Structures are given as C-alpha cells and as structure tokens.
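Structural overview for review
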Amino acid sequence: MSVHKNREIVFETVEDELTPRFVRGAQPRQIVIRNRAEFADKIVDGAHFSVRVTNIEGSSRRPRRITIDIVREVIPVLESPLGNAFWIDPIDFALIRAHIADGQHIWLVGPRGTGKTTLVALLAKHFDDVPYVKVDGAAIINARSAFGSDSARNASSVFRKSEMVEFLEKIAGTEDNGGLRGIVHVDEFCRMNSSGEGPWHPLLDHTGAFDMQTSDGTLRVEVPRGVIFVLPDNEQGGGHVGVMTMDIALQDRLARFELGYPKREWEVPWLMRETEINERDADAIVEVANQIRRLATTQGFEKGGPSPRRTRMAARLVMHGSSREIAIEHAIVNFYSGGRSGSDREMVRTHLQSKKLLQEVVR
Ligand SMILES: Nc1ncnc2c1ncn2[C@@H]1O[C@H](COP(=O)(O)OP(=O)(O)O)[C@@H](O)[C@H]1O
Ligand SMILES: [Mg+2]
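Residues numbered from 1 in each chain as written. Chains lettered and ligands numbered in written order. Predicted model: local features only at pLDDT ≥ 70, side-chain atom pairs only at ≥ 80, totals over all residues.

Turning to the overall build of the protein, a few remarks are in order. Along the protein, the regular secondary structure elements total eleven helices and 16 strands. Each of the three principal axes of the protein carries a C-alpha extent, and together these read 75 × 65 × 35 Å. Within the protein, contacts between residues separated by at least 24 positions form 68% of all contacts whose residues are at least 6 apart in sequence. (Helix = DSSP H or I, 4+ residues; strand = E, 2+ residues; numbered from the N terminus. Contact = placed C-beta atoms within 7 Å.)

Following this line, the structure appears as structure tokens:
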C-alpha cells in the first residue's frame, strides 16, 4: 500500500464515541487524524471525508496505526438528498441512484418506520416523476394473485389482469430512450404468502419474463427494459422478517439496502420544523429515542426502536402544551406495552431513569 494513497473515512458513534472508519480496506487499530481540529465542526455521526494517508505502522494487511490528513468533506451529512422533509443517508442514496440507473432491482429493509414505503414514492418523484405503481405484498395470497384473477362473466370465466401487469404492458408500449421508464413498488414484500414467490424469480432475473396459464390461455408477463422493482420489506419481531424468509436465490437477484434512523443532527431540526417546538425539547426527545434505539438493537426488542413517527408524535404533544416528560412517556415509552413488550417497557424505563432521562412517574 502506498503511503500517499487517497482514501475515504466515515465517522460512526461506537459506544458513545465518534470513531473514524475507512470506507474500504483494512481497518487499523488506530487512526490518527493530524488536522482533526480544523474539521471539528464537521465531524459528526455519519460525516464522510476523503483523506490522505501520511504514515502506516505495522503490517499492511492489519496496520497498527495509520496517520492521515483530512482533505475534504465528500458529502455534507446534514443534507438529505431528497429534501429536508425526508432523511436518507447520502451515501446510501448515491448507491441507490447508481443501481437504479443500472437497471438493478432493489430490496429495502430496515426497522419499522424508517421511511421504506415513503422512500419509493419519493424516488419516483426524484426521477422526473417516472410512472409508478404500488402493489401491496400482503394482498398477494398465491402465485397468481399478483398478476390477475379469474372472474366469472356470462357464465364463463375470464382472466382479469392486475394493475401491475397492466402497468408493465403500458410501459412496454412507450418509447425506450435508454433511461428509467417506471417503478413497481411491491410494499411489504415478505408479507406475501410464500407460495406467491415462485414467479418473482424469472421476473426479476435477466429473463425478466414468465408465462402463466389462465382461463383465457397463456399470459406472458414481461418486465420491459427500464422498469425497476423496489421491494420494501416489513419488519416483524426484533429483526426483519425478510432476511429470514426471502428465498436466498431471490435475495441474490436484488441490491439490498438497509435504511436506518435519521442522524441526530438531522432529526432535531426536522422536529423543530415539523412542530415548531424549541431546540431543547427536540433534543431531549431525540436523545431518548436514540437511547431506546440502541437498547432495542442490543436487547432485540419485539417492537424495534422508536420511529421518526413516534418522535414527531411526542413533539406534537409538546407543541400542544404537554410537558416534555409526559410527551415522551406517552408517545415513546408507552409504545412498549402489551404482550411480550411489557417487559421491554420496564427495561426502557429502568434504562432512561438510570440515565436521568425519565422522571419517576406515578402511575
Ligand atoms: N427517514 C425519514 N425522514 C423523515 N420522515 C420519516 C422518515 N422515516 C419515516 N418518517 C416518517 O414516518 C412515517 C412512516 O414511514 P414509512 O415510510 O411508512 O416507514 P416504513 O415503510 O419503513 O415502515 C412517514 O410518513 C414519515 O412521516
Ligand atoms: Mg412500510
């Protein structure tokens, strides 16, 4: 490895400490940044810089210490590429864009409420309002139902194509200029009955087509060039149901992206804009949410962490005059109640009280 090689680092919070990590390549035990002070105000969770390596100690495969200078910020972390109403990590967005431009189908996973469903509609808008259709995965009860259904008419049976098939046929009839022509959004993909999975294999691989017998004869379903499928996965239990259940051959055909919670530096001003609460209140709500998000990951909470929806709900209560403590208790902590989550709520309470983030509340 040449000492002068240009590389990239990102900062991540590990055990409450902002830690630099190389984007690609060997991870040294220690990264020393000579000009860290110069970039102090830009070094936040998720910040992404290009750097120049000035010294390497130890083996090249597992260096002990790498000394670097930050050259410049690659992507300013506080800017969400889809506008200030929706957070997406700029690095993820750049990759998703590249995949879409390349004709690659996409599988979105991530905790409930991190914007998977919302993102797909925003993507269609972002790509010059490209034609878009949304299908509900949970409504796909067997292999045929995504494509159409037999219905009786005049004592004989006719096959009615689904909205998705009509969409694909409509796009096939439009001019192909080489770019993106349409997005098919199959929401909560893995809630589809597993017997519905079969046809997706040929549909989403290079053949992009499959034949199906209907009461009207053979229906050929084809994915025209330039049409992208985006499949958000719902979450069930502590993990993502899709990771467990989506057929591996199908997983292999898709580019997988995991959406996460917004960065604190983004979520606080977002709450302030959405609800006009002050910074102290917004900051407290996000701090509590982030504590519980970490706890949810380490403890495998049935309900996952609090989504931006929950932080906004707490912020709205504050806007309407609730105290910050009551709002957090009601909108965020009490979400963890009922069934198995009852014990999760006790864990949340104990944790927040130990961090002095929640008052003893008489119930
Ligand atoms: N990344 C985000 N940025 C801004 N708002 C978000 C984000 N994620 C979720 N939300 C809010 O939460 C709501 C629910 O998000 P949704 O797209 O249904 O999540 P998912 O499909 O991942 O469960 C959205 O309407 C939006 O108001
Ligand atoms: Mg969703």
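What follows concerns helix 8 (residues 279–299). Taking 1.5 Å of rise per residue, 21 residues should cover 30 Å, and helix 8 covers 30 Å from first to last C-alpha, within 8% of that figure. What helix 8 keeps buried is the set Asp281, Ala282, Ile285, Val286, Val288, Ala289, Asn290, Ile292 and Ala296. The first or second residue beyond helix 8 is Gly300, which carries a positive phi of 65°. (Expected span 1.5 Å × (residues − 1). Buried ≥ 20, exposed ≤ 12 C-beta atoms within 10 Å, placed from the backbone.)

Moving on, we come to the sheet that holds strand 13 (residues 227–232). What the five strands build is an open sheet, ordered 7-10-13-6-16; its pairing is parallel. With partners counted over all chains shown, the strands left at the sheet margins are strand 7 (132–136) and strand 16 (255–258), one partner each. Strand-to-strand, the axes of this sheet are offset by a mean angle of 20°, without reference to chain direction. Where strand 6 (residues 106–109) meets strand 16, four bridges bridge the pair, whose relative direction is parallel. Bridge assignment links Val109 to a residue of strand 16, and that residue is Glu258. Taken strand by strand, helix 1 (residues 90–101) contacts strand 6, strand 13 and strand 16, and its axis lies near 160° from that of strand 16. (Pairing = 2+ DSSP bridges. Axes fitted to C-alpha atoms, helices over the stretch in contact; angles between N-to-C directions.)

By nearness alone, 14 residues border ligand 1, and Trp87, Gly115, Lys116, Thr117 and Thr118 come closest of all. Within the residue set of the shell around ligand 1, elements represented by two or more residues are helix 2 (116–126) and helix 9 (308–319). Each residue belonging to the shell around ligand 1 can be placed in one class, and the counts come to five nonpolar, six polar and three charged. When we break the shell around ligand 1 down by domain, the ones giving at least three residues each are domain 2 (90–258) and domain 3 (264–360). (Near = placed C-beta within 6 Å. Nonpolar A, V, L, I, M, F, W, Y, C, P; charged D, E, K, R; others polar. Domains from an automatic or database assignment.)

Of all six residues making up strand 13, six are buried, and the element is well covered by its neighbours. Of the two faces of strand 13, the one holding Val227, Phe229 and Leu231 and the one holding Ile228, Val230 and Pro232 are both buried throughout. Inspection of the sheet shows strand 6 paired to strand 13 by three bridges, in the parallel sense. Bridge assignment links Trp107 to a residue of strand 13, and that residue is Leu231. Of the pairings in the sheet, the one linking strand 10 (residues 182–187) to strand 13 comprises four bridges and is parallel in character. Residue pairing in the sheet places Gly182 in a bridge with Val227 of strand 13.

Positive phi, normally seen in glycine, also occurs at Glu188, with a value near 50°. Looking at the element boundaries, Glu188 is found in the loop between strand 10 and helix 4 (200–204). The exposure class assigned to Glu188 is buried, which follows from the 22 C-beta atoms found within 10 Å. With a phi angle near 60°, Glu276 is a residue other than glycine that sits in the positive phi range. Examined against the element boundaries, Glu276 turns out to sit in the loop between helix 7 (264–275) and helix 8. Here Glu276 falls in the exposed class, since 12 other C-beta atoms lie within 10 Å of it.

Another point: the domain arrangement of the protein. As assigned here, the protein comprises domain 1 (2–73), domain 2 (90–258) and domain 3 (264–360). Summarising the inter-unit geometry, the C-alpha centres of domain 2 and domain 3 are found 34 Å apart. Every contact between the two is made by seven residues of domain 2 and, on the other side, eight residues of domain 3. Of the residues assigned to the side of domain 2 that touches domain 3, the class counts are one nonpolar, four polar and two charged.

The subject of this paragraph is the pairing of strand 9 (residues 156–161). Relative to strand 9, strand 8 (residues 148–153) runs antiparallel, the two sharing six bridges. Bridge pairing in strand 9 links Asp150 to Phe159. Where strand 8 hands over to strand 9, the hairpin turn is made up of two residues, of which Asn154 adopts a positive phi near 50°.

Moving on to the confidence of the model for the protein. Model confidence for the protein is summarised by a mean pLDDT of 86, while 91% of its residues fall at 70 or above. Confidence drops under pLDDT 50 across residues 236–244; counting only partners more than four residues distant or on other chains, this segment forms 18 contacts. (pLDDT = per-residue confidence, 0-100.)

All right, on to the environment of Gly58 then. Relative to the elements of secondary structure, Gly58 occurs in strand 4 (residues 48–58). You can call Gly58 partly exposed: it has 14 C-beta atoms within 10 Å. In the structure, Gly58 is positioned 29 residues away from Arg29 in sequence and 10.0 Å away in space, judged by C-alpha atoms. Apart from residues no more than four positions distant in its own chain, Gly58 is found in contact with Pro63, Arg64 and Arg65.

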